[in-house]
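# Chain and residue survey
Chain by chain, the residues:
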Number of protein chains: 2
Amino acid sequence: MERNVYLSLRSPEEARAIWFTRIAELTDGPGTENVPLEEAAHRVIAEPVEALRSSPAFHGAAMDGIAVRAEDTFSASTRNPLALEVGKNAFWINTGQPLPAGCNAVIMVENLNVEEDGKKVITEKAAFPWQHVRKLGEDIVATEILLAPGVEIGSYEIGALAAAGVLRPTVFRKAQVAIIPTGSEIVPLQQARDEDLCRGKILPEFNSLVLSTCIRDAGGQADVRPIAPDVPEAIKAAIVSAVEAGADLVLLNAGSSAGSHDYTVEVVRSMGEVLVHGISLMPGKPAMLGTVSVAERQVPIMGVPGYPVSALMAVEEFLLPLLAIWQKRVCPKRECVSVIPCNPLPSRPGMEERIRVRLGMVDGTCFAVPLSRGAGTVTSLSRADAIITVPRDSEGLDAGNPVQAELLRSRRQIANALLAIGSHDNTLEYIDSQLRRTHPRFSLTSAHVGSLGGLLALQRKQCHLAGSHLLDEETGVYNRTAIREHLKGTPVMLVHLVNREQGFLVKPGNPKEIHDVADICRDDVRFINRQRGSGTRVLLDYELKRRGLAVSNVHGYGDEEYTHMNVAAAVLSGRADTGLGVRAAAVALGLDFVFVGTEEYDLVIPHAYAEDERILALLDVIRSTVFRNKVQSMGGYDVSHTGEILWEYDGK
Amino acid sequence: MERNVYLSLRSPEEARAIWFTRIAELTDGPGTENVPLEEAAHRVIAEPVEALRSSPAFHGAAMDGIAVRAEDTFSASTRNPLALEVGKNAFWINTGQPLPAGCNAVIMVENLNVEEDGKKVITEKAAFPWQHVRKLGEDIVATEILLAPGVEIGSYEIGALAAAGVLRPTVFRKAQVAIIPTGSEIVPLQQARDEDLCRGKILPEFNSLVLSTCIRDAGGQADVRPIAPDVPEAIKAAIVSAVEAGADLVLLNAGSSAGSHDYTVEVVRSMGEVLVHGISLMPGKPAMLGTVSVAERQVPIMGVPGYPVSALMAVEEFLLPLLAIWQKRVCPKRECVSVIPCNPLPSRPGMEERIRVRLGMVDGTCFAVPLSRGAGTVTSLSRADAIITVPRDSEGLDAGNPVQAELLRSRRQIANALLAIGSHDNTLEYIDSQLRRTHPRFSLTSAHVGSLGGLLALQRKQCHLAGSHLLDEETGVYNRTAIREHLKGTPVMLVHLVNREQGFLVKPGNPKEIHDVADICRDDVRFINRQRGSGTRVLLDYELKRRGLAVSNVHGYGDEEYTHMNVAAAVLSGRADTGLGVRAAAVALGLDFVFVGTEEYDLVIPHAYAEDERILALLDVIRSTVFRNKVQSMGGYDVSHTGEILWEYDGK
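Since this is a predicted model, take the numbers as computed values, not measurements.

### Points about the sheet that holds strand 8 (residues 112-114) of chain B
All names here are of chain B.
- Strand order in the open sheet made by the three strands is 5-9-8, with antiparallel pairing throughout. In this open sheet, the two strands that pair with only one neighbour each are strand 5 (82-85) and strand 8. Strand after strand, the sheet turns through a mean of 30° between neighbouring axes, direction not considered.
- Pairing of strand 8 with strand 9 (residues 120-123), which is carried by three bridges, proceeds in the antiparallel orientation. The residue of strand 9 that forms the bridge with L112 is T123.

Below you can see the structure in the form of structure tokens.
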């Protein structure tokens, strides 16, 4: 098989320097244009804007009252009130109206006495010249410079431009970015049918939509071209037609890595130059930067990987800064805060890695819980609060040491979020949704590390609450024993969330005839387990033990998933025959459910937060009828005691 | 005259509480709709979004290589390499492709040896189950909640929605805000002719454009209605037709204050209820909040003042938070930083005042220089870096004490700006523009307080540089004496900017026949002066003194303006017959110029910043040919020594 080989990996900074330097030799960017003010919002000023008109354009009243010649009033005082004759040396005037000829001051209506017949007004105070007058040019004098290049036009700038008579400001043209999706197996998102997707025959193409959005947000224009199959000639033809259609920049997605169907690099080399291939960046490594020459025009081109997270990271790293340069701007950087990773974050030396994390502000310290690091895991971006970069020369970051994180949400949103670390339950997402609806300021971020992990995080003061369902095998009581063991010194309250049915999730019709715990030890049954420290795993071990069954009898005992839903997905896909999980997960994915037992799922909340307004809001939510009804409809939940405080632990 | 009277003034918080409570009784907002993903960017999620598809939808290869059943490879090791047969128990696979039936792992191509004939591949390492496989549902499991209500859809969220097959998410409808411009004297901006503007016969209407922009940015939809004249019936008809056209909210601009032509309040009272009239907020005091009833529908209505700054402040204070509430969001707040006002900021007790300021970060401290406080001064917003609020119970803020300021630019932009305080010269704006063009990170903020004020600000370490042209009457030398007197202990360098011609600005044709300094003492000549401490005033005093003329002979000596351009505008408008200023100001406004003398205008830069990269960039700019050519074309400037360091002062 013929395979592409990466040029030596470049760091993101090196890659930018190489590509941008070459581009600067070719072009200054897409130039400028004049747009009507109505369409100027969010465009970027290209030339210093000189005022065409003065504003105000005349001397006008700044208050309602009478216009006078100030010198006529100099004799007025409390002891010597002055009468002015309306229409002769005093003229009624409203705010904004021009001063009558000869007048140079306004006396406010509140400071006047009007005679009965309205013919005279009396003032007890002299007016000084230009009092309450908006003078010509007070705001803007024609010809002065109003706005500098690089300024983005917002509502305030539109006001200044309009006042200065600049009705068609000169702005940078939007760079036209042609996005060419490539790949023989991809189909437009709207045409992707579920049955074809499930068989893996096709992949839905939606990166073009995602990338268009971020290009538009950065002031570019996206031109999504038809999908090109994995055929060098077709890719080449697509590039030619994109450039002929006026592209300032071509973005190929994907085909830039080193697989047997990755023709991007080869095609670009044949049409121009590959300047960079391979970046020491994860996700984003297989990106390619170069230029192509079409009909005398040399145009920058970029190839990005097919995984959505890689594609986005590469575009944010290289394409958005180029759009900023073309607009004489600095690429907006996200705000950074110092955070403490809850887990160690190992990383491959030599690669700069961007790790998506959720954040929680606990007692003034911001803790980071890593999300999935897969380049295909698009929810690791949509769920993320921030991105941590592990530097190239590092083998990873230690838990507990502060690092900088780029914020994807506002500081206030982070500060108003509750962080729950612990066991997963499907109701947690509904608590978040309902909390945001009833208290839009607040939200619930949850990270799933199992019940025990949650208690340990509480102990280290890394979260505000923990979901837990840890069975004491001796007493059959939930959570209390584990809390006494792990939370010494941390007084907490145990708030009941739900009782839930745990059981075996099986394919519809239960083809492997699993009816009891003993059945999962059969040779023909492949099991999918939950991770160590999870309450569900404790329950499984307990059920095995009380029947005298060894874990070694369970095929797949070591095959782990982190959530009920992922266990359900493993069963649905045939990866396993069964796994232990809640009934709601079976209901959600249309699986059958073999009841094993009912367990208690509680929230463990430190006393320190008992009066925290976010916790009070959360308690309101779980005690509401709306929430209970929703949970009941999910199947397998008993909510008759939801929200009750079961136990107060004094930490001793 | 009949006049409206304000209801008792309400604080912004009280006003919001009253209005929002009433609105909540009437409506939840404009409801929800489903939009195609292509149009979903920046919309706000209205219902918890459940995934419709799992992603990946199948077990697929996460790497290029061969797919195998892991169990088949368990015997492989370095000492015991294992040969697999392509097509039988090993299958070539590219990233993203589905695993063949029976396979559960991928071995990367890099870790394989391929036999010559390609029929066999050899591995020296066992594969573990699910190695390099993207498992079904690894990212998203169908039915799980992906996004919560109140989340704004960006590119990351579009990726998650697309991957989960949610092609028409449920979002909040955009609130339709009808903007009704009122006023008999206003005409649409595009139709406003300069000659009519100058006579004060008309006012250009552009608030609707400004307010539309900020309403759209906040997720609303703006429907700009035709201008309604100042006639109660016409205003009423405009409201009725706006509501009938589907408005969720009506915004009247202006007519809400208490002038004789302000009918808004009266009209609203006749159609519904006026809940608040008059806010203890400056600018923004004359705002009105209420509801109107049209054909059984009760709709919120708001009246805002005609001054653009007041209108914007009132809309930001009341309308934008309402749009946020309707979208179950929190109105985004601007970031706040601590700043130190360079000047005292007196304010009327009982009124909350929003003061627009420019900022400069000097030695780690952020200084604020106030801009014009006029409600009509729209450039006080476009030039502002931040807004300081003086609380209602305060008589103002002292200079030197830290206060909070809401940032209108990013912290980084503030940190990269040079702050010049001192004398005004028309070239300063060109330095800023040119600096931004050549060094997009940097900018120059200038505040004009006169030459002496600049040196005092330098002395207090409140700015990075000062423009100065202070003549020593004894020696005829510029700036050195003043620097020695005021900057003891602050070593500076004196960088020459320009020599410039100062003279009398007079109407074209010089109708008052002003040829010499003596002429401005004539009884028939009205003068316009510059403020105390300005170099131009020092020059005037010097010229008067050396001719033995008293300032009391100059009519208008006490009438002050702060910039050359404002002096020119005063002459152009007939407010004065002449004033002293630079030739460039005369050239800019088409005035004639009577030469008085050439003066030196320099930049005073502390040694402490001599190596600051922003200062180096500024020196690059003023030493460039582009800059010199531009300045020369402005008229009256000699640039032959621009950029030279004239003198180094050691602070002793």
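### Digging into unusual backbone geometry
- With omega at -15°, the peptide bond leading from A:M282 into A:P283 counts as cis.
- Position of A:P283 among the secondary structure elements: in the loop between strand 19 (281-282) and strand 20 (288-294).
- A cis amide bond links B:N253 to the next residue, B:A254, at an omega of 10°.
- With respect to the helices, strands and loops of the structure, B:A254 is situated in the loop between strand 17 (249-253) and helix 6 (264-271).
- Phi at A:D363 takes a positive value of approximately 50°, unusual for a residue other than glycine.
- Mapped onto the elements of the fold, A:D363 is located in the loop between strand 24 (352-362) and strand 25 (365-370).
- With relative accessibility at 53%, the residue A:D363 sits in the exposed group.
- The phi dihedral of B:A295 falls on the positive side, at around 45°, and the residue is not glycine.
- Take B:A295: it is sitting in the loop between strand 20 (288-294) and strand 21 (297-304).

### Here we look at the packing of aromatic side chains
- Under the definition given, this model contains six aromatic pairs over all chains.
- On the numbers, 6.5 Å between centres and 80° between planes, the contact of A:F504 with A:F527 is edge-to-face. Of this pair, A:F504 sits in strand 32 (residues 492-506) while A:F527 sits in strand 33 (residues 527-530), placing them 23 residues apart in sequence. Considered together, A:F504 and A:F527 belong to a single accessibility category, that of buried residues.
- Pairing B:W19 with B:F20 gives two aromatic rings, centres 6.1 Å apart and planes at 35°, and the pair type is tilted. Just as B:W19 is buried, B:F20 falls in that class too.
- B:R575 extends its terminal NZ or CZ atom over the ring of A:W130, reaching a point 4.8 Å from the ring centre.

### Thoughts on the packing of helix 10 (residues 427-438) of chain B against helix 16 (residues 613-622) of chain B
All names here are of chain B.
- Taken N-terminus to C-terminus, the directions of helix 10 and helix 16 make an angle of 110°; their axes are 9 Å apart at the nearest point. When the axis of helix 10 is compared with that of helix 16, the two are roughly perpendicular. From helix 10, I431, Q434, L435 and T438 reach across to helix 16, where they touch A617, L618, V621 and I622.
- Here the residues of the contact of helix 10 with helix 16 are counted per class, giving six nonpolar, two polar and no charged.

Parameters at a glance
Along each chain, residue indices are assigned from 1 in the same order as the chain's sequence is written. To label them, take the chains in the order written and letter them from A, then take the ligands in the order written and number them from 1. Where local features are concerned, this predicted model is filtered to residues with pLDDT of at least 70; where side-chain atom pairs are given and counted, the filter is 80 or more; whole-chain, interface and lining totals use all residues. Side-chain metrics in this entry use all non-hydrogen atoms of the structure; hydrogen atoms and water are not considered. Any two strands with at least two DSSP-identified bridges between them are counted as paired. The way it works is that DSSP assigns letters per residue, a run of H or I at least four long becomes a helix, a run of E at least two long becomes a strand, and they are numbered from the N terminus. The angle between two axes is taken between their N-to-C directions and runs from 0 to 180 degrees, where each axis is a line fitted to C-alpha atoms and a helix contributes only its stretch in contact. For the exposure calls, accessible area comes from a 1.4 Å probe over protein chains only, and a residue counts as buried if that area is under 20% of its type's maximum, exposed if over 50%, partly exposed in between. Here a pair means two rings of Phe, Tyr or Trp (six-membered ring of Trp) with centres within 6.5 Å. Their orientation is stacked below 30 degrees between planes, edge-to-face above 60, and tilted elsewhere. Cation placement over rings: the criterion is NZ of Lys or CZ of Arg within 6 Å of the ring centroid and within 35° of the ring normal. What sets the label is the angle itself: under 35 degrees gives roughly parallel, over 145 gives roughly antiparallel, 65 to 115 gives roughly perpendicular, and the rest give oblique. In this description, contact between two residues means that some pair of their heavy atoms is separated by no more than 4.5 Å. When residue character is reported, Ala, Val, Leu, Ile, Met, Phe, Trp, Tyr, Cys and Pro are called nonpolar, Asp, Glu, Lys and Arg charged, and the others, Gly included, polar.

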